[in-house]
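Architecture and fold: a report
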Amino acid sequence: MNKIAIIILTSVFVMVPVLARQSDQGEPSVRFAPLHIYVDSGSRPLAAYQFELKATDGQIKIVGVEGGQHEAFREAPYYDPAALANDKIIIAAFNTGKDLPKGRIRIATIHLQIIGETKPEYELKLTVAADADGKQIPATISYEEGE
Amino acid sequence: MTERMEQFDEDLDPGEYSKLSADLRALFKTLRSVPPEVDRAVYDRIHRHFAGVKSSQGKYRRFRWAALWKVAAAAAVVIFAFSLDLTKRSERVTQRPALAEIQAADIDLNGRVDILDAFTLARQIEKTGHVESRWDMNGDGLVDRRDVDTVALAAVRLDKGVL
């Protein structure tokens, strides 16, 4: 019993200064934020999209991907699971139904872990936007950082 | 010699001393024999005591074995469930396709694998219900939604290069 008490006390005395030193060094701040992705297909119905996102500044980790606001794209889109805990991702989705969105809609939300104080910057590229016939349509993509 | 010792020595009578010695010896003399009734009673009591301990140990052991069997049965059920892949939550295929599958996933033959290949295949399946067997991406003998998922996942693979 005495031996155990001595071991515990020794461990505490060794660990406390080490932990105190670590906390003094100060780890980088970490916060979580959603990044909402919007596509504007104008007057054409959007049936399929694919885009790529990469952080160009700041340190981020992708922690999750969520579907969009319209029923056609509400289900979580396709993405490579290897993109989680990474800073780049390719996301795509399609819908073969008749009820398709037009105009500017939120197609996906990417949940991010932002490490450090630097405000992240992103490069976003829409590689595919197609209508119900599978024909490419002109569309623009943008993002908004949520709280 | 102190005053106190002198007092003791003065009154010491040799006859009294020997009587006192004999009394003390009798007092501390051990009992030579225990009556058989007492022996029997002690034996019975011990026997009853240890019989009770044994039965409670048996009960504990039985309980422990029952608990172990329950744990083993639960583990077997979990292993069996995993072997049946009951934990799969959705129908969507989430495994990353192999590189060979990616090359085969160029459904529209435009030299690039993207979501339009999956879209084209999905529309084809929904419209006609009959599609070419070469689009059986996962080799299960059927061309269905799982093959569409395989094509879509090939389109979003990171090692294709991003931006």
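Above: the structure in question.
Residues numbered from 1 in each chain as written. Chains lettered and ligands numbered in written order. Predicted model: local features only at pLDDT ≥ 70, side-chain atom pairs only at ≥ 80, totals over all residues. Heavy atoms only, no water.

1. A look at the pairing of strand 2 (residues 48-57) of chain A
All names here are of chain A.
- Across the 10 residues that make up strand 2, a large majority, seven, are buried.
- Pairing geometry for strand 2 and strand 7 (residues 121-130), over nine bridges, is antiparallel. What sits directly across from Tyr-49, in strand 7, is Ala-129. (Buried < 20%, exposed > 50% of the residue type's maximum accessible area, 1.4 Å probe, protein only. Helix = DSSP H or I, 4+ residues; strand = E, 2+ residues; numbered from the N terminus. Pairing = 2+ DSSP bridges.)

2. A closer look at the sheet that holds strand 5 (residues 88-94) of chain A
- Taken in spatial order, the four strands make up an open sheet running 4-5-2-7 (chain A), and their pairing is antiparallel. Sheet topology places strand 4 (78-79) and strand 7 of chain A at the edges, where each strand pairs with a single neighbour.
- Packed onto the sheet, helix 5 (residues 115-128) of chain B meets strand 2, strand 4, strand 5 and strand 7 of chain A and runs at close to 20° relative to strand 5 of chain A. (Contact = heavy atoms within 4.5 Å. Axes fitted to C-alpha atoms, helices over the stretch in contact; angles between N-to-C directions.)

3. Here we look at unusual backbone geometry
- One non-glycine residue with positive phi stands out, namely Ala-85 of chain A, at about 70°.
- With respect to the helices and strands, the residue Ala-85 of chain A is situated in the loop between strand 4 and strand 5.
- Of note, the phi angle at Leu-109 of chain B is positive, near 55°, even though the residue is not glycine.
- Along the chain, the position of Leu-109 of chain B falls in the loop between helix 4 (99-104) and helix 5.
- Under the relative-accessibility criterion, Leu-109 of chain B is labelled exposed at 63%.

4. Some words on the packing of aromatic side chains
- Within the structure shown, the criterion is met by five aromatic pairs over all chains.
- Here the aromatic rings of Phe-94 of chain A and Phe-119 of chain B are separated by 5.6 Å at their centres, their planes lie at 50°, and the arrangement is tilted. One end of the pair, Phe-94 of chain A, is in strand 5; the other, Phe-119 of chain B, is in helix 5, on a second chain.
- Cluster of aromatic residues (ring-pair linked, three or more members): Tyr-49, Phe-51 and Phe-73 of chain A. (Phe/Tyr/Trp six-rings, centres within 6.5 Å; stacked < 30°, edge-to-face > 60°.)

5. Quick look at a nonpolar patch on the surface
- Residues Val-34, Val-38, Val-42, Ile-46 and Phe-50 of chain B make up a contiguous nonpolar surface patch of about 450 Å² in total accessible area.
- Classification of Ile-46 of chain B as partly exposed rests on a relative accessible area of 44%. (Patch = residues over 30% accessible without salt bridge, like charges linked within 9 Å, V, L, I, M, F, W, Y side chains within 5 Å. Areas by Shrake-Rupley, 256 points an atom, 1.4 Å probe, with all protein chains shown as cover. Salt bridge = Lys/Arg side-chain N within 4 Å of Asp/Glu carboxyl O.)

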